[in-house]
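Given next are the chains, with one letter for each unit.
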Amino acid sequence: MNEKSESGGPDGVSSNVVWHGGSIDAAARAERLGQKGATLWFTGLSGSGKSTVAVAAEAELFRQGRVAYRLDGDNVRHGLCGDLGFSEADRSENLRRVAHVAALMADAGLIVLCSFVSPFRDGRAAVAEVHASAGVDFYEVFVDVPLDVAESRDPKGLYEKARAGQIKDFTGIHQAFEAPASPALRLPTHELAVEQSVERVVGLLRERGVVSG
């Protein structure tokens, strides 16, 4: 992570703090773990398959002897973000917290698999900037399915509730999903088996030098 000292302000940095660096760098961690730390950010509509692919990718990486961990949109709201609702401000804060946690975990040498709808480009750009400032790799993975496919899956019954007016500002129904312009990887999960999606995820990690062949 980069060392810096800043006064408090809208960037979320507390007053009178200085980053305390250690003696172990990213290269040493990579040598010990046999992998580079990195964050894969799975973005897409609810029901697109983000969590399904992330779970399967984590299992495959574990099978290969890699060190990976998932940060899931629902899971973090059981603790880290349990005090947040779903207003625009709360959603932004949710992503901000997760971005910093993911960057810390990636800096420690883990492969972090994040599954979040994160519908807006500026929100995802802010997450990417957190990683860039930390000096750790960040890859956006667009889990791309048509709305009708995502809605037909509806694993949590959210689309049905949104159509019934029980959920407001639901992505895909009340607000648009802003697709990534140039993701590191696109996964049309309505055309790919889960195993094929995982193969492409692992292929991306090999291509970018996060893991070896």
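Up top is the structure.
Here's what I pulled together on the structure shown here. (Residues numbered from 1 in each chain as written. Predicted model: local features only at pLDDT ≥ 70, side-chain atom pairs only at ≥ 80, totals over all residues. Heavy atoms only, no water.)

## Examining the overall build of the chain
Check the secondary structure of the chain and you find seven helices and seven strands. Its helices and strands taken in sequence order, the chain reads β-β-α-β-α-β-α-β-α-β-α-α-β-α from the N to the C terminus. Taking 2.2 N^0.38 as the reference for a compact globule, 213 residues should give roughly 17 Å; the C-alpha atoms of the chain span a radius of gyration of 18 Å, in line with that estimate. Across its three principal directions, the C-alpha atoms of the chain cover 55 × 45 × 30 Å. (Helix = DSSP H or I, 4+ residues; strand = E, 2+ residues; numbered from the N terminus. Rg over C-alpha atoms; globule rule 2.2 N^0.38 Å.)

## Structural notes on the nonpolar core
With 23 residues, the main nonpolar core has Leu40, Phe42, Ile111, Leu187 and Val201 as its most contacted residues. Contributing elements (two or more residues each) for this core: strand S3 (38–43), helix H2 (50–63), strand S5 (111–115), strand S6 (137–143), strand S7 (185–187) and helix H7 (194–207). With five residues, the single largest contributor to this core is H7. Excluding residues that lie within four positions of it along the chain, Leu187 makes contacts with Phe42, Val53, Val141, Phe142, Val143, Asp144, Leu192, Ser197, Arg200 and Val201. (Core = buried A, V, L, I, M, F, W, Y, C linked by side-chain atoms within 4.5 Å. Buried < 20%, exposed > 50% of the residue type's maximum accessible area, 1.4 Å probe, protein only. Contact = heavy atoms within 4.5 Å.)

## What to know about H2
The first and last C-alpha atoms of H2 sit 20 Å apart over 14 residues, in line with the 20 Å expected at 1.5 Å per residue. All of the buried residues in H2 are Lys50, Val53, Ala54, Ala57, Glu58 and Leu61. Along the long axis of H2, the arc covered by the buried residues comes to 135°, so they all point the same way. Along H2, exposed side chains directed more than 90 degrees from the buried face belong to Phe62 and Arg63. (Expected span 1.5 Å × (residues − 1). Arc of directions from axis to C-beta.)

Note that every value here comes from positions in space, so none of it alone points to a role or purpose.
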